[in-house]
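Structure at a glance
Residues per chain are reported as follows:
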Amino acid sequence: MSLKLAEQAQTKIRPFLKWLGGKYLLTERISAALPPGTQLVEPFVGSGAVFLNTNFKSYLLNDANQDLINLYQILQKEGQRFIEECRAFFIKKFNSEKHYYRLRDQFNESLDPTLRSALFLYLNRHGYNGLCRYNMGKREFNVPFGRYAKPYFPEIEMQLFYEKATQGQVRFVCEDFTKTLQRAKKGSVVYCDPPYVPLTNTAHFTGYQAGGFSLEEQRELAEQAKKLGKVGIPVLLSNHSNEFTHQLYKGAKIQEFDVRRSISCKTALRGQVLELLALYK
């Protein structure tokens, strides 16, 4: 299916990566909450679900994960040629523990952006639960083998992403979120999907960005969102709904809803959780 046919059929476009906290299931709710504008700015693009399922004239898409942004940039530039390079890793031979760890080591040692990007996709689809996690020190990818019978190769999803990324003005960057927020201008609409605050004091995930995302950074993000809202640049934020975030986003228009968690290392942590959207404008 082409991007045009998907839009005509009002079919949602699924991201080609598995992603912790991905917003594919919430794209209608988020799109409905986003004010109109000419540019969508995402300081935490993640899987790209919101980008893929909205229609702004231009996009500025950032993430702190350099491997993720490299993958998006190379797919945007190379298209089908890069997709074919990725396909080479999705064969039966490489779906084994032995080959997984060998290719994981190759990924961690490689300085070749194209090879790293192809291997990043391989690790995403063959690793445990689709997690993206790095060692804190050496920043080495350390997710274990996933043991899937036949990992899915997302060719169609990659083709749709390529089409979307080559239509209009789409820019992928890797920088501090504060710099991306500073690039917002009149006509911009900002959607922020930061790493969520813990549900409890002990619930903490060592995530895709080495060093994590601190509570102080959560406060800085909220402060910057308030400032942009005051000058007519609307900012929509996602997060867990709890006492901390309600205090954090004081003054914003808040809507709460239940979400089914789809990726968790522990079965006990899967299920319904309360989330929110906070809008400053």
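First, a word on what this report is: a plain description of the structure on this page. Being a predicted model, the structure only gives us computed values, none of them experimental.

**Points about the packing of aromatic side chains**
- All told, the structure shown has 21 aromatic pairs when counted by the stated rule.
- On the numbers, 5.4 Å between centres and 45 degrees between planes, the contact of Tyr 100 with Phe 145 is tilted. Pair noted here: Tyr 100 is in helix α6 (residues 97-109) and Phe 145 is in the loop between α7 (113-126) and α8 (155-165), with a separation of 45 residues, a long-range link.
- The class for Tyr 100 is buried, based on a relative accessible area of 0%.
- Three or more aromatic residues joined by ring pairs form one cluster here, namely Phe 16, Phe 51, Phe 56, Tyr 59, Tyr 72, Phe 161 and Phe 172.
- The positively charged end of Arg 116 is found above the aromatic ring belonging to Phe 107, 4.1 Å away from the centroid.

**Topic: the environment of Pro 15**
- Position of Pro 15 relative to the elements: it lies in the loop between α1 (3-8) and α2 (27-33).
- Note: C-alpha distance between Pro 15 and Ala 49 (34 residues apart in sequence) is 5.7 Å.
- Beyond its immediate stretch of four places on either side in the chain, Pro 15 contacts Tyr 24, Ser 47, Ala 49, Leu 52, Arg 125 and Glu 157.

**Thoughts on the pattern of salt bridges**
- Tallied over the full model, the rule gives 10 salt bridges.
- Put simply, Arg 139 and Asp 67 hold a salt bridge, and the shortest N to O gap is 3.6 Å. Taken together, the residues span a long stretch of sequence, with Arg 139 in the loop between α7 and α8 and Asp 67 in helix α4 (residues 66-78) at a distance of 72 residues.
- A relative accessible area of 30% places Arg 139 in the partly exposed class.
- The salt bridge involving Glu 84 is made with Arg 87; its shortest N-O contact spans 3.0 Å. In this pair, Glu 84 and Arg 87 both sit in helix α5 (residues 80-87), 3 residues apart, roughly one turn of the helix.
- Take Glu 84: its relative accessible area is 37%, and that puts it in the partly exposed class.

What counts and what doesn't
Residues numbered from 1 in each chain as written. Predicted model: local features only at pLDDT ≥ 70, side-chain atom pairs only at ≥ 80, totals over all residues. Heavy atoms only, no water. Phe/Tyr/Trp six-rings, centres within 6.5 Å; stacked < 30°, edge-to-face > 60°. Helix = DSSP H or I, 4+ residues; strand = E, 2+ residues; numbered from the N terminus. Buried < 20%, exposed > 50% of the residue type's maximum accessible area, 1.4 Å probe, protein only. Lys NZ or Arg CZ within 6 Å of the ring centre and 35° of its normal. Contact = heavy atoms within 4.5 Å. Salt bridge = Lys/Arg side-chain N within 4 Å of Asp/Glu carboxyl O.

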